Amino acid sequence: MFQVSCAACNASFEYNVEDYIHLCPYCSTGFVLDLDEGAKDIIGDHFIVPNRLDREQVEGIFFDWISERYHRPERVKNEFKILGSYGISLPYWVISAEAHTFWSGHSQKANQYTGQSAEYGSKFLKEDGRFSRRYRWSILGRKSPKEHWGLERLHHPKEGVMVDWDGYPLDETLGAVKGGAPGTVYDARQAFKFDHANGLTISGVQVKESSAIARAKDQIQEFHRRIAKTKVGTLYEHRTEIEIVGIHLVHLPFWVVRYSFAPKSPFRFMTTARERRLLVQGHTLAVLDAELPLSNSDKVMSNLLVCGSLAVLSLALSLFLHPLFFLMVIIFSAVCILSAWKIFGREKPDSDLGRGSELSEPAF
Ligand SMILES: [Zn+2]
């Protein structure tokens, strides 16, 4: 076991070799330890957003959420079962940045005037522009975003831009605070104290601020390139300059709920009995991500069964009633084959099914 003494209060405590920043459990000071020289560097801007949930409340949020979505809300308590839930306070590097993008490209002209030359170049319009945005970009301070389910991609930008990274602008991603003071989750931050986790385990900080800044810059670059692409038909050139204004450390509370769905109707034969999950923000109480009770495969499976029975029925009709019914046999069989291909052909690459499989629930 490794012991370290706190840089502020001198109390000694055990530390995790994986951690980059050590958090004193007695006085809540955070510091970086230089193992070669033994020097301790206390970090300054260190905050925590208080957790406002306990297990009972988070389960209440789950039942409210599913009741709004399930077509028979009165059956929700019978057909949905909570398998478990836990909360965790996770460290994020919050990088304040300003990003300025210049772009240029060509768009197809909407209107062609009569008499205008139809030569190739004149159908296109050269366009350029610039835009600037300000962010508090969040980068998870843990080495793996797969440690807990749902954290891999929380950014749902307002414009139709596809995002496939785990960082996000803090203010617009985690929901508005429900039943609390107006403002964003960031406004609710307090100077870091273990007490504000309100019972949650606080995960250690494994990622250095320099790598957090590098990743934030990469993600903002890519985000702005994709925004620029939405502005013009063919993007030829783009340039984004990013100015880092500041960086600090914020711990944010999250809850994961695991549930199962067992309908009390014949439909139960068509659903796959597997665990589904829900991610709730521990301060804003917003549902950030969820696996729906019915996956696409379930819907296609019921399609397969219905069309399969219709194909058999049409076959009987074509034999005993009229040969024209054979046409329907062909149509229904085609739908069956397509459905089967959709289910079995896509089973393996469906990343959502395997998402978060490395999750291990912390013991309490
Ligand atoms: Zn201390």
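The following paragraphs examine the structure supplied in this document. (Residues numbered from 1 in each chain as written. Predicted model: local features only at pLDDT ≥ 70, side-chain atom pairs only at ≥ 80, totals over all residues. Heavy atoms only, no water.)

A short note on the overall build of the chain
Broken down by element type, the chain carries seven helices and 14 strands. Taken over 364 residues, the chain has a buried fraction of 43%. In the structure as shown, the chain presents an accessible area of about 20,100 Å², 54% of it carried by carbon and sulfur atoms. (Helix = DSSP H or I, 4+ residues; strand = E, 2+ residues; numbered from the N terminus. Buried < 20%, exposed > 50% of the residue type's maximum accessible area, 1.4 Å probe, protein only. Areas by Shrake-Rupley, 256 points an atom, 1.4 Å probe, with all protein chains shown as cover.)

Topic: a nonpolar patch on the surface
Together, L315, L319, F320, L324, F326, L327, I330 and I331 make up a nonpolar patch on the protein surface, roughly 890 Å² of accessible area in all. Breaking the nonpolar patch down by element, the ones donating at least two residues are α5 (296-320) and α6 (326-346). With four residues, the single largest contributor to the nonpolar patch is α6. Relative to the elements of secondary structure, I330 occurs in helix α6. (Patch = residues over 30% accessible without salt bridge, like charges linked within 9 Å, V, L, I, M, F, W, Y side chains within 5 Å. Salt bridge = Lys/Arg side-chain N within 4 Å of Asp/Glu carboxyl O.)

So, the side chain of Q281
Structurally, the position occupied by Q281 is in strand β13 (residues 276-281). In this structure Q281 touches L53, L174, V185, L252, P253, F254, A286 and L288, once residues within four positions along its chain are discounted. (Contact = heavy atoms within 4.5 Å.)

Notes on the environment of N10
In this structure, N10 sits in the loop between β1 (3-5) and β2 (12-14). Since its relative accessible area comes to 57%, N10 is described here as exposed. Measuring from C-alpha to C-alpha, the distance between N10 and Y26 comes to 9.6 Å, with 16 residues separating the pair along the chain.

Points about the coordination of the zinc ion
The coordination sphere of the zinc ion, as far as protein atoms go, consists of C6 (SG), C9 (SG), C24 (SG) and C27 (SG), spread over 2.2 to 2.4 Å. Viewed at the metal, the four donor atoms of the zinc ion are separated by angles of 106 to 113 degrees, and the geometry they form is tetrahedral. The buried category is assigned to C24, whose relative accessible area is 0%. Residue classification places C27 among the partly exposed positions, given a relative accessible area of 26%. (Donors = N, O, S within 2.8 Å, 3.2 Å for Na, K, Ca; no water. Tetrahedral: all angles 85-135°; square planar, octahedral: opposite > 155°, others 65-115°.)

So, the pairing of strand β7 (residues 80-108)
Extensive coverage of β7 is indicated by the burial of 23 of its 29 residues. Pairing geometry for β7 and strand β12 (residues 234-261), over 26 bridges, is antiparallel. From the neighbouring strand, I95 faces β12, where its bridge partner is I247. Both β7 and strand β8 (residues 124-140) contribute to a ladder of 17 bridges, which runs antiparallel. The residue of β8 that forms the bridge with A99 is R133. (Pairing = 2+ DSSP bridges.)

Let's talk about helix α4 (residues 209-231)
Relative to the 33 Å expected for 23 residues at 1.5 Å per residue, α4 spans 33 Å between its end C-alpha atoms, a close match to the ideal helical length. Those residues of α4 not exposed but buried are A212, A216, Q219, I220, F223, H224, R226, I227 and A228. (Expected span 1.5 Å × (residues − 1).)

Observations concerning the sheet that holds strand β3 (residues 21-23)
Read across the open sheet, the three strands follow the order β3-β4-β5; overall the sheet is antiparallel. The strands lining the two open edges of the sheet, one partner per strand, are β3 and β5 (40-42). Sheet twist, expressed as the mean angle between neighbouring strand axes with direction ignored, is 35 degrees. (Axes fitted to C-alpha atoms, helices over the stretch in contact; angles between N-to-C directions.)

So, the environment of K126
Counting through the fold element by element, K126 comes out in strand β8. Once the C-alpha coordinates of K126 and S104 are considered, the two residues, 22 residues apart in sequence, prove to be 7.5 Å apart. Ignoring any residue separated from it by four or fewer positions in sequence, one finds K126 in contact with S104, G105 and H106.

Digging into the nonpolar core
Ranked by internal contacts, the top residues of the largest apolar core, which has 52 residues, are I21, F62, F80, W93, W137 and F223. Of all the secondary structure elements, the ones that give two or more residues to this core are β3, α1 (55-69), β7, β8, α4, β12 and β13. When neighbours within four sequence positions are excluded, F223 is seen to be in contact with R133, Y135, W137, H155, P157, E159, V161, V163 and W165. Formed by 24 residues, the second largest nonpolar core is a distinct cluster that contains L154, L170, V185 and V256. (Core = buried A, V, L, I, M, F, W, Y, C linked by side-chain atoms within 4.5 Å.)

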